[in-house]
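Structural overview
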Amino acid sequence: MRAAVLEAYGEPLSIESVPEPEPEPHGAVVEVEACGICRSDWHAWQGHGEWADDQVSLGQVLGHEPAGRVVAVGEDVTRLSVGDRVAVPFNLGDGACPHCLNGHGNVCDDGHALGFEMDAQGAFAEAVHVPHVEYNAVELPSNVAPEEMAALGCRYVTAFHALSHRVDLAAGDWVAVHGCGGLGLAAVQLAAALGAGVVAVDVREEPLALASDLGATTTVDASTVDDVPDEVAAVTGDGAHVSVDALGRAETCRNSVDCLRTRGTHVQLGLTTEAERGEVSLPIDAMTRWDISFLGSRGMPPTRYDELLRMMETGRIDPGALVTRRVPLSAVSDRLAAMSDYGTRGVEVVTEFGR
Ligand SMILES: [Zn+2]
Ligand SMILES: [Zn+2]
């Protein structure tokens, strides 16, 4: 089968023929019908993460936002059959450790990150293997297209888990979102759907216009203002109740913490770049003085996807609205390269795997 393989950091992915996966007894093989392209792929492609012992190895098939059709199941699998349509979370749990059993499969003791580990080859390929498929695969409602699910990707689940499970967001709260790439835009749409007022911050006009369309109450162009936290305070009165760094740069992280009101909560969603290497300086005395919370959050337990799917079914969120481009597998490298200078907007999805 065809797959896009990481052969050298920062160089075009190699489109090669690789062996088709065989299902493990607890696994399934899914023919990929759509797979989102994400900034996490870009980080992996750049070779980032070595500072957190998280660098992707060469030889990896990237791609972690697939949806498609089950084409083979392992001998122990009874709850899924060939032909079922599923989405696959990127953080794969074993379904058996204390975290999985307590509903926190996104931090499984024996988990794998799809498309980031040699044991979990990704979905920029014609097919992908899903281990512990009864725990991990999410069945698609009949009215949800694979492309919409790919757009849901890791961005909506990450934003939703952060806003709904990690933070107890209340209707009427103010949420600031720093960085309006795919993840930030998903956070904007979800925060608005959950009843919050939303301040969207970016340095580019087009994503800010998209953020307005998706429900942002107001937008701040950080390239034209002196002080982002001051602007957020001007809109929200005393600052945001919840603030999200959806980009992962020192400046966005710091702005996010600085724009909170007393007892506010920062959630870190973006991973840092070569410039920060995982380290950002923070005003910890002020955070202590004002009961500020700082949370990390990644992915979402597969067992909670039903909540998001209901929001899609009832039309409160529309991941498909973020899709700005559909590309064949052979174009993935170009689209990753476009991310280097923030030249993409919204979500781009691979929808053709044969060319
Ligand atoms: Zn587990
Ligand atoms: Zn992703």
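What you see is a predicted model; the values in this text were computed from it and never measured. As a convention, each chain's residues are numbered from 1 in the sequence order in which they are written. Chains and ligands are labelled by the order in which they are written, letters from A for the one and numbers from 1 for the other. At least 70 in pLDDT is required for a residue's local features to be given in this predicted model, at least 80 for side-chain atom pairs to be given and counted, and no such filter applies to totals for whole chains, interfaces and linings, which use all residues. The basis for every side-chain value is the complete set of non-hydrogen atoms in the structure, without hydrogens or water.

1. Observations concerning the coordination of the zinc ion (ligand 1)
- Donor atoms from the polypeptide that bind the zinc ion (ligand 1) are Asp94 (OD), Cys97 (SG), Cys100 (SG) and Cys108 (SG), placed at 2.1 to 2.3 Å.
- A donor here means an N, O or S atom no more than 2.8 Å from the metal, or no more than 3.2 Å when the metal is Na, K or Ca. Since water is not included, a site may seem to lack partners. In this scheme the shape depends on donor count and angles: four donors with every angle between 85 and 135 degrees give tetrahedral, four or six donors with opposite pairs above 155 degrees and others between 65 and 115 give square planar or octahedral in turn, and any other case is irregular. Coordination at the zinc ion (ligand 1) is tetrahedral: its 4 donor atoms span angles of 93 to 123° at the metal.
- Counting residues between consecutive donors of the zinc ion (ligand 1) along the chain gives the motif D-x2-C-x2-C-x7-C. With Cys97 in the loop between strand 6 (91-92) and helix 2 (98-101) and Cys108 in the loop between helix 2 and strand 7 (112-113), this pair connects stretches of sequence that are 11 residues apart.
- Residue classification places Cys108 among the buried positions, given a relative accessible area of 11%. Counting from the N terminus, the helices are the DSSP runs of H or I reaching at least four residues and the strands are the DSSP runs of E reaching at least two. Exposed residues in this analysis have more than 50% of their type's maximum accessible area, buried residues have under 20%, and partly exposed residues fall in between, with area computed by a 1.4 Å probe over protein chains only.

2. Some words on the environment of Val349
- Take Val349: it is sitting in strand 17 (residues 347-352).
- Sequence separation of Val349 and Val327 is 22 residues, and the distance between their C-alpha atoms is 6.2 Å.
- Note on contacts: a residue pair qualifies if any of its non-hydrogen atoms lie within 4.5 Å across the two residues. With sequence-adjacent residues up to four places away left out, Val349 is seen in contact with Ala34, Cys35, Gly36, Glu147, Ala150, Val323, Arg325, Arg326 and Val327.

3. Some remarks on helix 10 (residues 305-313)
- Within the span of helix 10, buried status applies to Tyr305, Glu307, Leu308, Leu309, Met311 and Met312.
- Contacts from the buried residues of helix 10 go to strand 9 (138-139), helix 4 (146-166) and helix 5 (182-193).

4. Comments concerning the coordination of the zinc ion (ligand 2)
- Taken together, the protein donors to the zinc ion (ligand 2) comprise Cys38 (SG), His64 (NE2), Glu65 (OE) and Cys154 (SG), at separations of 2.0 to 2.3 Å.
- Spacing between the donor residues of the zinc ion (ligand 2) along their common chain follows C-x25-H-E-x88-C. Of the two residues, Cys38 sits in the loop between strand 3 (28-37) and helix 1 (39-46) while His64 sits in the loop between helix 1 and strand 4 (66-73), which places them 26 residues apart along the sequence. We note that Cys38, like His64, is buried.

5. A closer look at the pairing of strand 11 (residues 197-202)
- Burial analysis of strand 11 places 6 of its 6 residues in the buried class, the great majority of the element.
- Here strand 11 shows two buried faces, one formed by Gly197, Val199 and Val201 and the other by Val198, Ala200 and Asp202.
- Two strands are said to pair when DSSP picks up at least two bridges between them. Pairing of strand 10 (residues 174-178) with strand 11 involves 5 bridges; the strand directions are parallel. Of the residues in strand 11, the one forming a bridge with Trp174 is Gly197.
- Once the chain exits strand 10 it traverses helix 5 before rejoining the sheet at strand 11, and the crossover so formed is right-handed.
- Note: strand 11 against strand 12 (residues 218-221), 4 bridges, orientation parallel. The residue bridging Val199 from the neighbouring strand is Thr218, located in strand 12.
- The path from the first strand over the helix to the second decides the hand: if it runs clockwise while the strands point away from the viewer, the crossover is right-handed. Remark: the strand 11/helix 6 (residues 205-213)/strand 12 crossover connection has right-handed handedness.

6. A look at a negative patch on the surface
- Without a salt bridge and with relative accessible area above 30%, a residue can belong to a patch; like charges are then joined within 9 Å and nonpolar side chains (Val, Leu, Ile, Met, Phe, Trp, Tyr) within 5 Å. Per-residue and other accessible areas follow the Shrake-Rupley method at a 1.4 Å probe size, with only the shown protein chains counted as cover for residues. The working definition used for a salt bridge is a side-chain nitrogen of Lys or Arg within 4 Å of a carboxyl oxygen of Asp or Glu. Neither His nor the chain ends contribute to the count of charged residues, in which Lys and Arg are positive and Asp and Glu negative. We put the charge of a Lys on NZ, of an Arg on CZ, of an Asp on CG and of a Glu on CD. Taken together, the side chains of Asp226, Asp227, Asp230 and Glu231 present a region of like negative charge at the surface.
- Within the secondary structure, Asp226 sits in the loop between strand 12 and helix 7 (228-236).

7. Regarding the environment of Val175
- Relative to the assigned elements, Val175 resides in strand 10.
- For the pair Val175 and Val56, spaced 119 residues apart in sequence, the C-alpha separation works out to 33 Å.
- When sequence neighbours within four positions are dropped, the list of residues in contact with Val175 reads Leu163, Leu169, Ala191, Ala196, Gly197, Val198, Val199, Val242 and Val244.

8. What to know about the pattern of salt bridges
- Scanning all chains against the criterion turns up 14 salt bridges.
- In this structure, Arg277 engages Glu274 in a salt bridge whose closest nitrogen and oxygen atoms are separated by 2.8 Å.
- Overall, the relative accessible area of 33% leaves Arg277 in the partly exposed class.
- Taking the relative accessible area as the measure of exposure, Glu274 reaches 44% and is therefore partly exposed.
- One network of salt bridges, in which partners are shared, links Glu50, Glu274 and Arg277.

9. Details of unusual backbone geometry
- One non-glycine residue with positive phi stands out, namely His132, at about 40°.
- Mapped onto the secondary structure, His132 falls in the loop between strand 8 (127-130) and helix 3 (133-136).
- The exposure class assigned to His132 is partly exposed, which follows from its relative accessible area of 29%.
- Backbone geometry at Arg263 places phi at a positive 70°, although glycine is not the residue there.

10. Focus on the sheet that holds strand 10
- One open sheet holds the 6 strands; their spatial order is 12-11-10-13-14-15, and the pairing between them is parallel. The open sheet has two edge strands, strand 12 and strand 15 (293-296), and neither has a second partner. Here the average twist between neighbouring strands, direction ignored, is 20°.
- As paired strands, strand 10 and strand 13 (residues 240-245) are joined by 4 bridges and run parallel to one another. Orientation is described by axes fitted as lines to C-alpha atoms, over the contacting stretch for helices, and by angles from 0 to 180 degrees between their N-to-C directions.

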